[in-house]
Amino acid sequence: MRAPAKKKRRTAPAELSARLIAHVTLEVRADHSIAAGVSGQSVGLGKFNADASARAQELRAGLPLRSLASGAPATDQGISHLVRRLAGHGLLEYRLGRPRGVDQAVIEPQLPDYWPQTPKLGDADVLALSRFAYLRRRGNDLVLESPRAGALFKICDAKIAVVLATLSAPQSIKQLRRQDGFPGVDLLALLVDCHILFKVDPARPSGLRPDEGDAGLVLWDFHDLLFHARSTQGRHANPLGGVYPYVGVMALPPAVRSSWPGKKIDLGEVSAAETETLSPLGKLLRERHSTRVFDEQRPITLADVARLLGATARVQAKFKSGLDGDDSPQVEFAPRPYPSGGGSWELELYLAVDTCDGLPRGFYHYDADAHALVPIDVRAPELDALLMGAAFAMGAPAAPQILITVAARFGRVSWKYSSLAYSLILKDVGVLLQTLYLMATDMGLGGCAIGSTDIELFARLTGLPFHVEGAVGQFALGRSGEEPRSE
Ligand SMILES: Cc1cc2nc3c(=O)[nH]c(=O)nc-3n(C[C@H](O)[C@H](O)[C@H](O)COP(=O)(O)O)c2cc1C
């Protein structure tokens, strides 16, 4: 006699829910207005309906996203509105797991407008890991990230990591389903949406690098794209800037290095009295300093801008050559007054103008070949955000008269140089910044380099993908409003 077949216990499928980030609290007031508490600060979220204020605290444990979808009952509209508002402020994370079960994965948004999307995937679809994706340890967690992704994924079940690792070679979803630890199609779809996985096109078996995206991506090395996205503002949620994270952990290295033990050769003895021998350039180097406050009554003029850009950044000639000998491919060069690694001259200047005599407030590209400014249509709040971001970075009370954003056409450098392309670009930025400092000083203008750049804001202003032509530096410029320095 055959034993009766065992009944399989059906387990509830994993679902995606939105929940508050651990350190965020919600304060619900009697008039149904809600504020979020973040690091001791209160962020007003607005007024909501009675249902939203009654259910707001459920967001601590998490609310399933399917209950908040656009077709959900009208009673859920209020809470749905609250969830979107919290997401817009970057105060939510998203949990994938069975109801009341352990987390399978937790999605931490990295872009301010991230919202989880699950593009449709079928069993025949073939997936592969992006070559920009990486798994690493963060504290006691395992995180899956990519500089291209709108979110990072904390992988809470090691079996899921094993399945994803097998996607180093393309596999169909049908094949993946057979593996122990298959995480379900939803997680795969969320990873495709974040460019951590990509669908391999069977009609284009040209190799994985070109399959992965546009030509601009082909030219990037893994570490360079990661360095660009993580060392700037806009594409990650990590702390950024002068926050002194290691005070109390270890001592600051001294301002001046301790001497080597050898016998010193005193250079003072062999140099003539300094003031007698200082050349005009030597004097200029001494005079140069950073100016962060500008004179509201005396704006910089269009003629000043023309002179400064002409002297520092204008194309001086154009020629073609195979510089490295007969075998190297022919390259077109367009030298400017500052040196550039490999003669690439990949840097472009964009001017955000707040006040300039003879030039309307707005956003402009400097056409270095034509020595002309070309206006670019931008939204006023984004122009304001760019200018105020510079004021914030300088700790200044107001925006600079002009903010120059230095952008790089990355491909001009990475087409030739492996491994060191991005580092060359940053060195070129340093060279250009000093050139701008010196010319501004020579003209009696003030300027200040700015170390943090919001690459997402620049991408929104220009419509250019962050990996094709992106912001790599900034320089505030104007007529100084500071008291002259007493020497
Ligand atoms: C790469 C670089 C980034 C900088 N970033 C900032 C910045 O974000 N905010 C700021 O106020 N000053 C910034 N500065 C200016 C420095 O603070 C300044 O050069 C330094 O304090 C020395 O002062 P001095 O330029 O007046 O000689 C930057 C300078 C450089 C070279």
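Residues numbered from 1 in each chain as written. Predicted model: local features only at pLDDT ≥ 70, side-chain atom pairs only at ≥ 80, totals over all residues.

(A) A look at the pairing of strand E21 (residues 469-478). With ten of ten residues buried, E21 is to be regarded as a mostly interior element. In this sheet, E21 lies alongside strand E19 (residues 402-409) in antiparallel orientation, the contact comprising eight bridges. Each residue of the ladder has a partner; that of Ile 402, found in E21, is Leu 477. When strand E20 (residues 446-450) meets E21, the two strands line up antiparallel, connected through five bridges. Pairing of Gly 447 across the sheet is with Leu 477, part of E21. (Buried ≥ 20, exposed ≤ 12 C-beta atoms within 10 Å, placed from the backbone. Helix = DSSP H or I, 4+ residues; strand = E, 2+ residues; numbered from the N terminus. Pairing = 2+ DSSP bridges.)

(B) Local environment of the environment of Gly 150. With respect to the helices and strands, the residue Gly 150 is situated in the loop between strand E10 (141-145) and strand E11 (151-155). Taking the C-alpha atoms as reference, Gly 150 lies 5.7 Å from Cys 194; in sequence the two are 44 residues apart. Setting aside its immediate chain neighbours within four residues, Gly 150 contacts Pro 109, Gln 110, Leu 111, Tyr 114 and Cys 194. (Contact = placed C-beta atoms within 7 Å.)

(C) Structural view of the site of the ligand. All residues in the neighbourhood of the ligand are listed as His 289, Ser 290, Arg 292, Ala 393, Met 394, Leu 433, Cys 448, Ala 449, Ile 450, Gly 451 and Ser 452. Of all the secondary-structure elements, those providing two or more residues to the shell around the ligand are helix H12 (380-394) and E20. Here the element with the most residues in the shell around the ligand is E20; it accounts for three residues. Within the shell around the ligand, the residues separate by chemical class into six nonpolar, four polar and one charged. (Near = placed C-beta within 6 Å. Nonpolar A, V, L, I, M, F, W, Y, C, P; charged D, E, K, R; others polar.)

(D) View of the packing of H12 against helix H15 (residues 455-462). Running from N to C, H12 and H15 point in directions that differ by 145°, and their axes come no closer than 10 Å. H12 and H15 meet at a crossing whose hand is left-handed. Across from Glu 382, Ala 385 and Leu 386 in H12, the residues of H15 making contact are Leu 457, Arg 460 and Leu 461. Grouping the amino acids of the contact of H12 with H15 by side-chain chemistry returns four nonpolar, no polar and two charged. (Axes fitted to C-alpha atoms, helices over the stretch in contact; angles between N-to-C directions. Left-handed = near helix turned anticlockwise from the far one by under 90°.)

(E) View of the sheet that holds strand E18 (residues 372-376). Taken together, six strands build an open sheet; the order of strands is E18-E17-E16-E19-E21-E20 and the sheet is antiparallel. The sheet terminates laterally at E18 and E20, the two strands that pair on one side only. When strand polarity is set aside, the average angle formed by the axes of neighbouring strands in this sheet is 30°. As defined by bridge partners, strand E16 (residues 347-353) adjoins E19 across seven bridges and the pair is classed as antiparallel.

(F) Structural detail: the nonpolar core. Core analysis: the largest hydrophobic core is formed by 55 residues, its most contacted members being Leu 351, Ala 352, Ile 402, Val 406 and Ile 425. Sorting elements by how many residues they give to this core places helix H14 (residues 421-442) first, with eleven residues. Those residues in contact with Ile 425 that lie beyond four places of it in its chain are Glu 346, Ala 408, Phe 410, Val 413 and Val 472. Among the nonpolar cores identified, the runner-up in size contains 48 residues, and Leu 63, Leu 86, Leu 167 and Ala 229 belong to it. (Core = buried A, V, L, I, M, F, W, Y, C linked by C-beta atoms within 7 Å.)

(G) How the structure looks around the environment of Cys 356. Within the secondary structure layout, Cys 356 lies in the loop between E16 and strand E17 (362-367). Look at Cys 356 and you get buried, because 21 C-beta atoms sit within 10 Å. Along the chain, Cys 356 and Arg 137 lie 219 residues apart, while their C-alpha atoms are 50 Å from each other. Apart from the residues within four sequence positions on either side, Cys 356 is in contact with Pro 299, Ile 300, Thr 301, Leu 302, Val 305, Gln 401 and Ile 402.

(H) Helix H8 (residues 222-230), seen in detail. Those residues of H8 that sit buried are Asp 224, Leu 225, His 228 and Ala 229. Viewed end-on, H8 has its buried residues packed into an arc of 125°, placing them on one side of the element. On its buried side, H8 packs onto H14 and E21. (Arc of directions from axis to C-beta.)

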